[in-house]
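# Architecture at a glance
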Amino acid sequence: VVDDDQTITRLLKARLELLGLSVQVASHGLEALNLIRSQPICLIISDLMKPAISGLRLTQAVRALPPPKDGIPIIIISTHQSPREKQAVLAAGAECVFTKPLAIPQLVEKVTRLLPRA
Amino acid sequence: VAPFLHLHHTHLLLASALVMTLVTAVAALVSLQWQAAAEQHNRLRIKLFQAWETAIPPFMFGTTSQVPPEILDLPAEAEALLRLFLQQVRSGVQGLEGQRIKTLYHAAGLDRGLAQRLTDPSPKIRALAAIEVGKFHVLDRYPQLVPMLKDPVPYVAHAAATSLCHGRQLPYASQVVLWVLTQPHFEQDSLLPLLERFGPELLYMLSRTLRNPNTHPREWRIYALLAMSHRHAKAFPTLRALLKVPDLELKAACLKALATMGDEDTYPDLVRYARNRDFRLRIQAAKYLGQLGGERAVPILRELMEDRVFELRRQACLSLAELGEPGLAVLEGLVLDPNSDHFARDLAVERLQWLEWRRRS
């Protein structure tokens, strides 16, 4: 889970851990990229606007990684999202975009749907 | 006298140096104390936030129905921090989880003193309290937000309006609309998403309460733009009737709304406005002909490509490109025709090149 809002990150972590998942958190894109490169990550949930690397750049960077890491599903969460931003991030290879305030059950459903594929 | 004066000046210098040193020392001490207090507060905030981040999720995600004891009977300082924490969480989640956060807010008695905070002399406290009302849906405090729309501090009024919109307080919607109308013109459009929160019900209410469009066109401009946001097709007759009002901005807003919602009956109006004396109306018409016109709009847009107003030619060019194949054929014709108006040709070249670049990238 990549977000500079630590409260939301920790709450999401807590919710995903209830599913029995092991969750890593990063506060910015660079930290996330290092984690992705060094550890087996099955799914990324990333905020769109965050310091260092935006959600869009992170998606592009992950898709440019050598296989199999280039296929890690990415869910983007965003506060103020314009249709253009949404299109750009989906075109870059993100699976879907959720807008804050988050509908947690839908997010959890999406995570469980994407995980077996990963 | 001279030695005395000399002595006097020396004393004066010494005294002022002493005063300066004392002032600097006191300022440094106060600053240090302030820093220490801020650091202590920050440490407390981190400690409490971390504790709540662990304590609250089981209740928030429904694994227990018991309110975490960590949020009960808190000292005043921690209470303010919990209020901030819950507001932050509430901004991030909706649905059942959001409802449970509201439950925690009320269980911890955080609405205590809210009425006083809404009238606090500090604008920051007033604004935070106004946001709190909307975030935690404190029903009995909504009426107190209405006079705050006239608060002399703009961000306090904005916070009150935001909460009334988020709480979908329709009885106060007309006051919020009036507040929006008091804002600078360029800000009114950016406040529309806020008004959209009231839902399409606001349109029914506005159509009954707004004043005469001939004397108050700005009020109806908001109506037209909101009708567009909600894709409210039932507003078509009203919007068509509003096109007859002479106010230019209202006309532009109605044209925008009708064209964006795809009202085919607007086409003759668009053609009429494309030949209007006022170039601003011609620009608007050219813009929406590109959205609504289809192939039938090609001749008039071609005509507008040679209008005396450059901005209008540009808009006509963009609209032709937007029409797809028939419009692009006209632009290609302009490029190939050596006798065509050179401004129109340059615009066509630029647009076609841009489209080609976009196709390739």
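The structure we're discussing is the one just above.
Read on for a plain summary of the structure.

Calculation criteria
- Residues numbered from 1 in each chain as written.
- Chains lettered and ligands numbered in written order.
- Predicted model: local features only at pLDDT ≥ 70, side-chain atom pairs only at ≥ 80, totals over all residues.
- Heavy atoms only, no water.
- Helix = DSSP H or I, 4+ residues; strand = E, 2+ residues; numbered from the N terminus.
- Rg over C-alpha atoms; globule rule 2.2 N^0.38 Å.
- Contact = heavy atoms within 4.5 Å.
- Lys, Arg positive; Asp, Glu negative; His and termini not counted.
- Charge placed at Lys NZ, Arg CZ, Asp CG, Glu CD.
- Salt bridge = Lys/Arg side-chain N within 4 Å of Asp/Glu carboxyl O.
- Core = buried A, V, L, I, M, F, W, Y, C linked by side-chain atoms within 4.5 Å.
- Buried < 20%, exposed > 50% of the residue type's maximum accessible area, 1.4 Å probe, protein only.
- Buried area = accessible area lost by both parts, 1.4 Å probe.
- Polar contact = N/O pair within 3.5 Å; in protein donor to acceptor, adjacent residues only side chain to side chain.
- Pairing = 2+ DSSP bridges.
- Axes fitted to C-alpha atoms, helices over the stretch in contact; angles between N-to-C directions.

## A closer look at the overall build of chain B
- Counting its secondary structure elements, chain B contains 21 helices and 0 strands.
- In terms of overall dimensions, chain B is more spread out than a globule: its C-alpha atoms have a radius of gyration of 31 Å, far above the 21 Å expected for 361 residues.
- A fraction of 60% describes how many contacts in chain B between residues 6 or more apart in sequence connect residues 24 or more apart.
- Positive and negative charge centroids in chain B, built from 42 and 37 side chains respectively, lie 3 Å apart.

## Here's the deal with the environment of Gln-87 of chain A
- Tracing the backbone shows Gln-87 of chain A in helix α4 (residues 83-91).
- Separated by 10 residues in the primary sequence, Gln-87 of chain A and Val-97 of chain A have C-alpha atoms spaced 9.4 Å apart.

## Quick word on the pattern of salt bridges
All names here are of chain B.
- Throughout the structure, instances matching the rule amount to 26 salt bridges over all chains.
- Notably, a salt bridge pairs Arg-296 with Glu-264, separated by 2.6 Å at the nearest N-O pair. Here Glu-264 lies in the loop between α15 (248-260) and α16 (267-274) and Arg-296 lies in the loop between α17 (279-292) and α18 (298-304), a separation of 32 residues in the sequence.
- In this structure, Arg-302 and Glu-306 form a salt bridge, with 2.9 Å as the shortest nitrogen-oxygen distance.

## Section: the nonpolar core
- Residues Trp-52, Leu-86, Leu-195, Leu-239 and Leu-331 of chain B are the most contacted members of the largest nonpolar core, which totals 134 residues.
- Leave out the neighbours within four places in its chain, and Leu-239 of chain B touches Tyr-223, Ala-224, Ala-227, Cys-254, Ala-257, Leu-258 and Met-261 of chain B.
- In terms of nonpolar packing, the next biggest core, distinct from the first, is built from 19 residues, Ile-72, Val-89, Ala-94 and Val-97 of chain A among them.

## Overview of the interface of chain B and chain A
- Counting residues at the interface gives 16 residues for chain B and 15 residues for chain A.
- Interface of chain B and chain A: buried area, both sides summed, is about 1300 Å²; carbon and sulfur atoms make up 66% of it.
- The largest contributions to the chain B side of the interface with chain A come from Glu-53, Phe-61 and Gln-94 of chain B, which together make up 41% of the buried area.
- Run the count over chain B and chain A and you get 1 salt bridge.
- A salt bridge links Glu-53 of chain B to Arg-10 of chain A; the shortest N-O distance between them is 2.5 Å.
- Where chain B touches chain A, the interface holds 6 residue pairs in polar contact (both at pLDDT 80 or more).
- Put simply, the parts of the chain that give the side of chain B that touches chain A at least two residues each are α1 (2-55), α2 (57-60) and α3 (76-92) of chain B.
- Ranked by the residues each element gives to the side of chain B that touches chain A, the list is headed by α3 of chain B, at 6 residues.

## Topic: the side chain of Asp-47 of chain A
Residues and elements named next belong to chain A.
- With respect to the helices and strands, Asp-47 occurs in strand β1 (residues 44-47).
- No salt bridge forms around the buried Asp-47; measuring N to O, its nearest opposite-charge neighbour Lys-100 is 4.2 Å away.
- In this view, Asp-47 contacts Val-2, Asp-3, Asp-4, Gly-55, Ile-77, Ser-78 and Lys-100; residues no more than four positions away in its chain are not counted.

## Observations regarding the sheet that holds strand β2 (residues 74-78) of chain A
Residues and elements named next belong to chain A.
- The 3 strands are arranged β1-β2-β3 in an open sheet whose pairing can be described as parallel. Unpaired on one side and paired on the other, β1 and β3 (96-99) mark the two borders of the sheet. On average, each strand axis in the sheet is tilted by 25° relative to the strand beside it, whichever way the strands run.
- Here 4 bridges tie β1 to β2, and the two strands are oriented parallel to one another. Across the sheet, the residue bridging to Ile-45 is Ile-75, located in β2.

Read these as spatial facts, not as claims about activity.
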